[in-house]
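Per-entry structural report
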Amino acid sequence: MTSYKPRVISLTKIPGQTFGFYLRVEQNEEGHLIRCLEMGGPAELAGMKDGDRILRVNGTFVDGLPHSEVVELVRNSGASVAFHILDESSYKQAKALRVNLSDPRRTTVAKGVAKEPPKPKLCYLVKSSTGFGFSLRSVKGEPGLFMTEVVSGSVAYSAGVRNEDRLIEVNGENIENSTHDEVVEKIRQGGKSSMFLLVDKETDQFYCNKKAKIGSWLATVKFLPQQPRFINMIKGSDGYGFLLREEPGQSGHFIKGVDKGSPAEKAGLREMDRVVAVNGKDVEGCSHEQVVEWIRQCGIKCSFLVVNKDTDQMYKQGKVSPMLFWEEMKDSNSPPSYTEALSLPTPVQTSMSVQDRKEELRPKLCRMEMTSAGYGFHLNGIDGMHGQYITEVVKGGAADKAGLENDDIVIEVNGENVEQCTHAEVVEIIRKSGNSLKMLVACKDVYQQLKAKGVKNTPLLLGEISPGAHTAEAPEPNRKEEEKKEEARPETPPHQEKQRTPSVSHLSSEDSWDERL
């Protein structure tokens, strides 16, 4: 449920101390922004986050006031001040929907129930040998480019594209004022893959009525084929068991040296995962030392949002932050952690509906015997990417009777994990199985939620261990010292000097104005 209720944060400083943040206005950004939080300062300790917007100062609504007046209000507060704060994502959505932020009670209501506004959708397409599987339609004299000739089962259809969707962005660039030929050229320049921002008729009409600009910050990421992962770890006697590194020539904070059998490995952390957030704090643009310090401050429990290389490249192609996924997932019901899942009681083996199985957030183990008509399903995948799913399940066939359903994600085949296998490799494993086949699968929604929370999809989640079932072990990492790479094990707590975070706005001085507070 969308709400725009601000957080109330009260700060107190001692003589000679600041509140520990910069207040900024920036070109192409609305509102009064919180930037450059001082690590361990009053603002950070109180829960302020980079990019937050200040709505009120000591009860005075300031969102529309000149920057200098807001700074003066804060300075005149003396040693104590109270802020009403809204996070960046909620603020941008509220502005797009023209919500009156001076009235915190105002929400979108339909028939007495708060209604979630419709969202544009991000769709990632990887070209097959037959192309993307859509055409672009434009009408002379009318604005907009629309999707047409989207065939069921095509690359475009599988990515979430539907006929009559209006195209808003191509690879992060707004194309609403571009010609048909210009857009076609932009798609061609993307090569084998493209990220589209689209709206269906209902969503388009909603934002048109609001006279609101549509952008990727409003979008759902549920149609994207790969998603960031939540990694929930409990520190062991030897720490979490990984290194945090900055890689030469790459921006970001990367995982290296994951110890075999460590809490990090058990939680699903992998070599070269990039850390996007620590306990919900976006670490993009933060220094290596600050991220290490945040991890140390987590205590015995720590939660990461991470992306692997393919997921990172996909989000970067669309010029969107993986934090968009975090925003969409943070209010959803969380499935159990890996350790909690292993300790779940063995379920009573009773007949249950498909809907019940989905609500349990568990995979399903399907056993089948080949008939004269085969198994009765097709295996599908996206060319050039890992991950296979089930299509064209024949009603009454072996697969149907075993419980396979269209769009189920394949996790294991005959006890062998195939999540990182190519389509050809999985087909070969199935062929070698003879007349009997055992598949561990999950519906797309269940798979994504478990994967995002770092829960390994194994038969253990079913309360059983099937013969031959196993999860592939990660190889022992190479431990050669690399002198030029800075490294830090977050579980080792040497004294660390507190440092001010550099500005993450990446704007020149003439594009922004800030005040240290």
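Residues numbered from 1 in each chain as written. Predicted model: local features only at pLDDT ≥ 70, side-chain atom pairs only at ≥ 80, totals over all residues. Heavy atoms only, no water.

1. Quick notes on the overall build of the chain
- Per the secondary structure count, the chain includes 15 helices and 28 strands.
- Buried residues in the chain amount to 47% of all 517 residues.
- Within the chain, contacts between residues at least 6 apart in sequence are counted, and of these 68% link residues at least 24 apart.
- Only carbon and sulfur atoms are counted for the fraction: they give 49% of the accessible area of the chain, which is about 26200 Å². (Helix = DSSP H or I, 4+ residues; strand = E, 2+ residues; numbered from the N terminus. Buried < 20%, exposed > 50% of the residue type's maximum accessible area, 1.4 Å probe, protein only. Contact = heavy atoms within 4.5 Å. Areas by Shrake-Rupley, 256 points an atom, 1.4 Å probe, with all protein chains shown as cover.)

2. Examining the nonpolar core
- Residues Leu-122, Leu-224 and Leu-305 are the most contacted members of the largest nonpolar core, which totals 36 residues.
- Secondary structure elements with two or more residues in this core: helix 3 (88–96), strand 9 (121–126), strand 14 (193–199), helix 6 (201–209), strand 18 (274–278), strand 20 (301–307), helix 9 (309–317) and helix 10 (323–329).
- Sorting elements by how many residues they give to this core places helix 10 first, with five residues.
- If near-sequence neighbours (up to four positions away) are discounted, Leu-305 is found in contact with Pro-228, Arg-229, Phe-230, Arg-274, Val-275, Val-276, Ala-277, Pro-322, Met-323, Phe-325 and Trp-326.
- Membership of the second largest hydrophobic core comes to 22 residues, among which are Val-275, Trp-294, Ile-295 and Phe-304. (Core = buried A, V, L, I, M, F, W, Y, C linked by side-chain atoms within 4.5 Å.)

3. Let's talk about helix 14 (residues 423–432)
- Residues Val-426, Ile-429 and Ile-430 constitute the buried set of helix 14. With its buried residues spanning 100° around the axis, helix 14 presents them on a single face. Across from the buried face of helix 14, at angles greater than 90 degrees, the exposed residues are Ala-424, Arg-431 and Lys-432.
- Backbone geometry just downstream of helix 14 places Gly-434 in the positive-phi region, at approximately 80°. (Arc of directions from axis to C-beta.)

4. Points about the side chain of His-253
- As for its position among the elements, His-253 is in strand 17 (residues 253–256).
- Of the polar contacts made by the side chain of His-253, one reaches the backbone oxygen of Cys-286; its length is 3.0 Å. (Polar contact = N/O pair within 3.5 Å; in protein donor to acceptor, adjacent residues only side chain to side chain.)

5. So, the pairing of strand 20
- Most of strand 20 sits out of view: five of its seven residues are buried.
- Sheet analysis places strand 18 next to strand 20, joined by four bridges and oriented antiparallel. The residue bridging Val-278 from the neighbouring strand is Phe-304, located in strand 20. (Pairing = 2+ DSSP bridges.)

6. As for the packing of aromatic side chains
- Here the structure, examined in full by the defined rule, presents eight aromatic pairs.
- Centroid distance Tyr-240 to Phe-242: 6.4 Å. Interplanar angle 35°. Geometry classified as tilted.
- For Tyr-240, a relative accessible area of 0% translates into the label buried.
- Given the relative accessible area of 0%, Phe-242 is considered buried.
- Considering the side-chain rings of Tyr-375 and Phe-377, the 6.4 Å spacing of their centres and the 35° angle between planes classify their relative orientation as tilted. No difference in accessibility class separates Tyr-375 from Phe-377, as the two residues are buried.
- Here the aromatic cluster, defined as three or more aromatic residues joined through ring pairs, consists of Phe-132, Phe-134 and Phe-196.
- The ring of Phe-19 is capped by Lys-13, whose NZ or CZ atom sits 4.7 Å from the centre of that ring.
- Note that Arg-162 overlies the ring of Tyr-157, its terminal NZ or CZ placed 3.6 Å from the centroid. (Phe/Tyr/Trp six-rings, centres within 6.5 Å; stacked < 30°, edge-to-face > 60°. Lys NZ or Arg CZ within 6 Å of the ring centre and 35° of its normal.)

7. Considering the pairing of strand 9
- Most of strand 9 is tucked away: six of the six residues are buried.
- Residues Lys-121, Cys-123 and Leu-125 line one face of strand 9 and the alternating positions Leu-122, Tyr-124 and Val-126 line the opposite face, and both faces are buried.
- As defined by bridge partners, strand 9 adjoins strand 14 across six bridges and the pair is classed as antiparallel. Residue pairing across strands places Lys-121 opposite Leu-198, the latter belonging to strand 14.

8. Considerations on the pattern of salt bridges
- Tallied over the entire structure, the rule returns 22 salt bridges.
- The salt bridge involving Lys-121 is made with Asp-165; its shortest N-O contact spans 2.8 Å. In this pair, Lys-121 is assigned in strand 9 and Asp-165 in the loop between helix 4 (155–158) and strand 12 (166–170), connecting sequence segments 44 residues apart.
- Under the relative-accessibility criterion, Lys-121 is labelled buried at 10%.
- Linked through salt bridges whose partners overlap, the residues forming this network are Arg-24, Glu-26, Arg-35 and Asp-50. (Salt bridge = Lys/Arg side-chain N within 4 Å of Asp/Glu carboxyl O.)

9. Some details on the confidence of the model for the chain
- Here the chain shows a mean pLDDT of 77. Residues at 70 or above account for 77%.
- Segment residues 331–359 is flagged for pLDDT under 50; beyond a separation of four residues in sequence, or across chains, it makes 34 contacts in the model. (pLDDT = per-residue confidence, 0-100.)

10. Considering the environment of Lys-319
- Its place among the elements puts Lys-319 in the loop between helix 9 and helix 10.
- Through-space distance from the C-alpha of Lys-319 to that of Val-170 is 9.9 Å; in sequence the pair is 149 residues apart.
- Not counting residues up to four positions away in its chain, the partners in contact with Lys-319 are Asn-171, Gly-172 and Glu-173.

11. Remarks on unusual backbone geometry
- Of note in this structure, Met-272 is not a glycine but carries a positive phi near 70°.
- Given a relative accessible area of 27%, Met-272 falls into the partly exposed group.
- Even without being glycine, Asn-279 reaches a positive phi, approximately 50°.
- Mapped onto the elements of the fold, Asn-279 is located in the loop between strand 18 and strand 19 (281–282).
- Residue classification places Asn-279 among the partly exposed positions, given a relative accessible area of 42%.

12. With respect to the side chain of Arg-24
- Relative to the assigned elements, Arg-24 resides in strand 2 (residues 22–26).
- Within the local environment of Arg-24, its side chain forms a polar contact with the side chain of Glu-26, the two groups lying 2.9 Å apart.

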